[in-house]
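Close look at the chain arrangement
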Amino acid sequence: MERIKGKAAAGGIIFGRLAFYRRDEQIVKKRRVAKPEIELQKYEYAIKESLEELDALYEREIKNIGRDHADIFMIHKMLIEDDDFVQRTRGIITKESCTADYAVEIAASQLAGELGRATDDYIRARTADVKDVSRRLIRHIQNTSEQQLIFAENSILCSFDLEPSEAVRLDKQKVKAICTCYGTVNSHAAILARTRNIPAVVSLGKALSEEFDGAEAIVDGYAGVLYINPDSATKRRMKEKREEEGRKHELLMRLRGRKNITLDGTEIQVYANINGVIDLKYAEENDAGGIGLLRSEFLYLKNDGFPDEELQFYTYRRVLEKMQGKRVIIRTLDIGADKSPDYFSNDSGENPAMGVRSIRICFEHPEIFRTQLRALYRASVYGRLAILFPMIIDPEEAVLAKSMAKSVCEELDAEGIPYSHNVELGVMIETPAAVMLSDELAREADFFSVGTNDLEQYTLALDRQNSMFDKYCRPHHKALLRMIKVSADSAHRHGKWIGVCGEIGAYTELTEVFLAMGIDEISVSPNQILPLRRKIRSLTIADRLDSLVKYGVIRPEQRDDYLSLSDGIRPASKNAQKI
Ligand code: PEP
Ligand code: MG
């Protein structure tokens, strides 16, 4: 038996088989061939295989994303059989006596170029579909399997690392757990695993070697341990632990329907962080009071091109409808850094986390931003929407984002399209600049949401993606906690509310600190809602004050004065009514 210790990224115990995933590049070279007719046969074969694959995808995705969205695979089928595309490819093979993969690539790029010049948005958007379709055909011509995401039942996906765009496409029916050599617990792939309840262990290092491909294994996502070829004593112990965790889970489930209220009556909202419609069932199962962060970029990562207004509208609408009037905070596009869709090339220098990312991309490409804002406002009539702007660094940016939202509303007015006039507009506090200017930002925003994952990386000068620096990670660092307090005070001074949506919201040792600061809402992965509720319901005001001293948010001599501060401990009713 091998026991490999990594970092616990998502809880749960899974018995399964290791399945290694290697990411391949598609290499297509021009080669002359003596018998073009063989290349024509390969092309025919690729068409047949691709069509069958798309049929299967269509059937599967109807269940996951609904018929409307699954229709994209039918469009791909039509493209593959498109007469013009087929004749071009065949023509290139015969005229140039070249390989079929090269011919497909050339024909597809010609077609994509023509579509890209079209004036109609819909037709232009099909260029990404042409590229996708050609990748699929080339894969079949080259006879390389779609390595990445097809897994057998009960697989434990093992890889060097995992990109969010890959994690988002995992089939949860088959992939029961994730293990990576590298990566951090705050990487987006890890966050995604937590949201979707997929046990995960990251940072297992080189010991997670491909020689174990296919081996029997157990993942303990609570302790961050992978057992390969486990012995019978370990199997027994893990079964017991799984049962024990199951019992704990049942106890937690009894907290459904209860309030998030301390023993002395302070109430706080606990919401769910989700990445798309598919996660709503976990939010519901765990009794989320609302959605505190919908990372809209996952819709973009899942797609093969920028999602158009209709696709976005239906997605946001479904989330709002399902939440039945509970607040839904949808964050506008936050791509760049580790979340980069293949179809968007964004040269952001050596350190993309500090380059053109997030709201900066939206400002540089207003058409992308406007499409999203239109979809959001159109959907707003179906529930209680709040829009959240990420990576804001000064009030001018908040004003610019708001003015773009306003101009979208004017456009909708002119078109006679209804939208809600009560959409709250918030900004994320995830840079030290935003904290320093939080007083001015609070004048512009309806609410704040503290993104501690980025705030920690920018405050402590630590790359959140790089597990080499984990030993320097200190989410309890008093600089970070004081920054949250400064932001909370600024928000409250202006009568605004503040939430925490970064991962430390779920650290229950800090719950009393957040309550003492008067944080109005905490948003966490769905399966962390009930543990947080349990913690909140066990606290008193004394615990909260002590925690502020313990974590260095206030000095010991300030403890007694603190109650009298206007922005100090806030009475329950005040908090509960505010938000
Ligand atoms: C954060 O930075 O804390 C946050 C919630 O956003 P993300 O993790 O998506 O960057
Ligand atoms: Mg962030």
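Residues numbered from 1 in each chain as written. Chains lettered and ligands numbered in written order. Predicted model: local features only at pLDDT ≥ 70, side-chain atom pairs only at ≥ 80, totals over all residues. Heavy atoms only, no water.

**Digging into the side chain of Asp101**
With respect to the helices and strands, the residue Asp101 is situated in helix H4 (residues 100-116). Although buried, Asp101 forms no salt bridge, and the nearest oppositely charged side chain, Arg31, lies 5.8 Å from it. Within the structure, the side chain of Asp101 is placed 2.9 Å from the side chain of Thr99, a separation counted as a polar contact. Filtering out sequence-adjacent residues up to four positions away, Asp101 remains in contact with Val28, Ile138, Ile141 and Gln142. (Helix = DSSP H or I, 4+ residues; strand = E, 2+ residues; numbered from the N terminus. Buried < 20%, exposed > 50% of the residue type's maximum accessible area, 1.4 Å probe, protein only. Lys, Arg positive; Asp, Glu negative; His and termini not counted. Salt bridge = Lys/Arg side-chain N within 4 Å of Asp/Glu carboxyl O. Polar contact = N/O pair within 3.5 Å; in protein donor to acceptor, adjacent residues only side chain to side chain. Contact = heavy atoms within 4.5 Å.)

**Description of the pairing of strand E10 (residues 291-295)**
Of all the 5 residues making up E10, 5 are buried; the element is thus mostly covered by neighbouring parts of the structure. Of the pairings in the sheet, the one linking strand E9 (residues 269-274) to E10 comprises 3 bridges and is parallel in character. Considered in E10, the bridge of Asn273 is made with Leu293. Handedness of the crossover joining E9 and E10 through helix H9 (residues 280-285): right-handed. Bridge analysis of E10 against strand E11 (residues 327-331) gives 3 bridges, and the strand direction is parallel. Each bridged residue has a counterpart across the sheet, and for Leu294 the counterpart in E11 is Ile330. (Pairing = 2+ DSSP bridges. Right-handed = clockwise from strand over helix to strand, strands pointing away.)

**Looking at the packing of helix H17 (residues 452-459) against helix H18 (residues 478-493)**
Where H17 meets H18, the closest approach of the two axes is 10 Å, and the angle between their N-to-C directions is 125°. With respect to H18, the element H17 is oriented oblique. Crossing of H17 over H18 shows right-handed handedness. Contacts between H17 and H18 involve Thr452, Leu455, Glu456 and Thr459 from the former and Ala479, Leu480, Met483 and Ile484 from the latter. Class assignment for the residues of the contact of H17 with H18 results in 5 nonpolar, 2 polar and 1 charged. (Axes fitted to C-alpha atoms, helices over the stretch in contact; angles between N-to-C directions. Parallel < 35°, antiparallel > 145°, perpendicular 65-115°, else oblique. Left-handed = near helix turned anticlockwise from the far one by under 90°. Nonpolar A, V, L, I, M, F, W, Y, C, P; charged D, E, K, R; others polar.)

**Here's the deal with the pairing of strand E16 (residues 521-524)**
Residues Glu521 and Ser523 line one face of E16 and the alternating positions Ile522 and Val524 line the opposite face, and both faces are buried. Alignment of E9 against E16, held across 4 bridges, turns out to be parallel. Directly across from Val270, in E16, lies its bridge partner Ile522. Of the strand pairs in this sheet, strand E15 (residues 497-500) and E16 are connected by 2 bridges, and their pairing is parallel. Note on E16: the bridge partner recorded for Gly499 is Glu521.

**With respect to the domain arrangement of the protein**
What the domain assignment reports for the protein is domain 1 (2-23 + 147-252), domain 2 (36-142) and domain 3 (257-289 + 317-332 + 382-576). For domain 1 and domain 2, the distance between their C-alpha centres works out to 35 Å. (Domains from an automatic or database assignment.)

**Some remarks on the sheet that holds strand E13 (residues 424-429)**
With respect to topology, 8 strands assemble into a closed barrel ordered E9-E10-E11-E12-E13-E14-E15-E16, the strand pairing being parallel. Strand-to-strand twist across the sheet, computed as the mean angle between neighbouring axes with direction ignored, equals 25°. Contacts from helix H20 (residues 529-536) reach E9 and E16 within the one sheet, and its direction differs from that of E9 by about 160°.

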